[in-house]
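Close look at the chain arrangement
One letter stands for each residue in the lines below.
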Amino acid sequence: MKTRSLTLPVLALAATAVLSACTTETTPTAPVAGASGSSSAPTAVTPTGAAAAPEAVVDNDAVLEVEDQTSEGPTVNVKAAAVTAGGWVVVAADGGRNVLGYGEVPAGSTPTVVQVSLAEIITEPTELVARLYDDANGDGIFGAGDKPVTNDDNDNDDAGFPGESATFMFTGADVVNN
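First, a word on what this report is: a plain description of the structure on this page. (Residues numbered from 1 in each chain as written. Predicted model: local features only at pLDDT ≥ 70, side-chain atom pairs only at ≥ 80, totals over all residues. Heavy atoms only, no water.)

The next subject is the overall build of the chain. A count of helices and strands for the chain gives one helix and 12 strands. Each helix (α) and strand (β) of the chain, taken in turn from the N terminus, gives the series α-β-β-β-β-β-β-β-β-β-β-β-β. Going through the 178 residues of the chain one by one, you find that 38% of them count as buried. If you take every contact in the chain between residues at least 6 apart in sequence, the share linking residues at least 24 apart comes to 63%. (Helix = DSSP H or I, 4+ residues; strand = E, 2+ residues; numbered from the N terminus. Buried < 20%, exposed > 50% of the residue type's maximum accessible area, 1.4 Å probe, protein only. Contact = heavy atoms within 4.5 Å.)

Glancing now at the pairing of strand β7 (residues 87–93). Counting buried residues along β7, seven of its seven residues qualify, which places the element largely inside the surrounding structure. For β7 and strand β8 (residues 98–105), the ladder comprises seven bridges, and the chain directions are antiparallel. Each bridged residue has a counterpart across the sheet, and for Val-89 the counterpart in β8 is Gly-103. In textbook terms, the turn of a hairpin is the stretch between consecutive antiparallel strands, and for β7 and β8 this stretch comprises four residues, one of which, Asp-94, has a positive phi near 55°. (Pairing = 2+ DSSP bridges.)

Core analysis: the largest hydrophobic core is formed by 23 residues, its most contacted members being Val-76, Val-89, Leu-118, Leu-128 and Leu-132. By residue number, the principal contributor to this core is strand β6 (residues 75–83), which donates four residues. Look past the residues within four positions of Val-89 in its chain and what remains in contact with it is Leu-64, Val-78, Ala-81, Gly-101, Tyr-102, Gly-103, Val-105, Val-116, Ala-130, Arg-131 and Leu-132. Ranked by size, the runner-up nonpolar core spans six residues in total, among them Trp-88, Tyr-102, Tyr-133 and Phe-142. (Core = buried A, V, L, I, M, F, W, Y, C linked by side-chain atoms within 4.5 Å.)

Despite not being glycine, Asp-94 shows a phi value in the positive range, around 55°. Along the chain, the position of Asp-94 falls in the loop between β7 and β8.

This next bit is on the pairing of strand β10 (residues 126–134). Across the nine residues that make up β10, a large majority, seven, are buried. For β7 and β10, the ladder comprises six bridges, and the chain directions are antiparallel. Looking at β10, one finds that Val-89 is bridged to Leu-132. Of the strand pairs in this sheet, β10 and strand β12 (residues 165–171) are connected by six bridges, and their pairing is antiparallel.

Quick look at the sheet that holds β6 now. If you trace the three strands from one edge of the open sheet to the other, you get β4-β6-β9, paired in antiparallel fashion. A strand with exactly one partner marks an edge of an open sheet, and here the two such strands are β4 (63–65) and β9 (108–117). With strand direction ignored, the average angle separating the axes of adjacent strands in the sheet is 20°. (Axes fitted to C-alpha atoms, helices over the stretch in contact; angles between N-to-C directions.)

Time to look at the packing of aromatic side chains. Applying the stated rule across the entire model yields three aromatic pairs. Where Trp-88 meets Tyr-102, the ring centres are 5.7 Å apart and the plane angle is 90°; that geometry is what we call edge-to-face. Of this pair, Trp-88 sits in strand β7 while Tyr-102 sits in strand β8, and the two are 14 residues apart along the sequence. The residues Trp-88 and Tyr-102 share a single accessibility class, namely buried. One aromatic cluster is present, built from ring pairs that chain together Trp-88, Tyr-102, Tyr-133 and Phe-142. (Phe/Tyr/Trp six-rings, centres within 6.5 Å; stacked < 30°, edge-to-face > 60°.)

With that settled, the discussion passes to the environment of Ser-109. Residue position: Ser-109 is located in strand β9. Distance from Ser-109 to Ala-85, taken between C-alpha atoms, is 8.6 Å for residues 24 residues apart in sequence. Excluding residues that lie within four positions of it along the chain, Ser-109 makes contacts with Asp-61 and Ala-82.

A separate point is the side chain of Ser-71. In this structure, Ser-71 sits in the loop between β5 (69–70) and β6. Setting aside residues no more than four positions away along its own chain, Ser-71 makes contact with Phe-170, Thr-171, Gly-172 and Ala-173.

This is the structure:
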């Protein structure tokens, strides 16, 4: 009796299915609630391969205020944040390309203090960027489907990236290794 292995045809079929699911517009994976590590802020890629600025959600009551700070650990304190439909404050390094953490902004127009735990320990003064995002897809998790928030149709605080953003200096303590 002869037996045949279907391993290669099955792998080829799986690879074909995965490749056929790919599109010309991709968005890097954002951190999932409770996960650590870093990722890039959501950025669409056009069919030509050039990065395109994601479309911003206009929220006239959106607020974002953050100050230079020294922390006793890897936690950023955002002085005031508001997104009417609820959303996120995302903190990133490297000009906004490396997401270090995010904190939930409750729904409403009253600014609240938001603490953002960072995935990396930063002990040297480092320039970070805070940005507001709307929970555009309504899943309650910061991710690729969420959009930047602006409180002005003409707002473009960071060239090529619409929405409310604030740059600040941050220094934290290495509480893990001390």
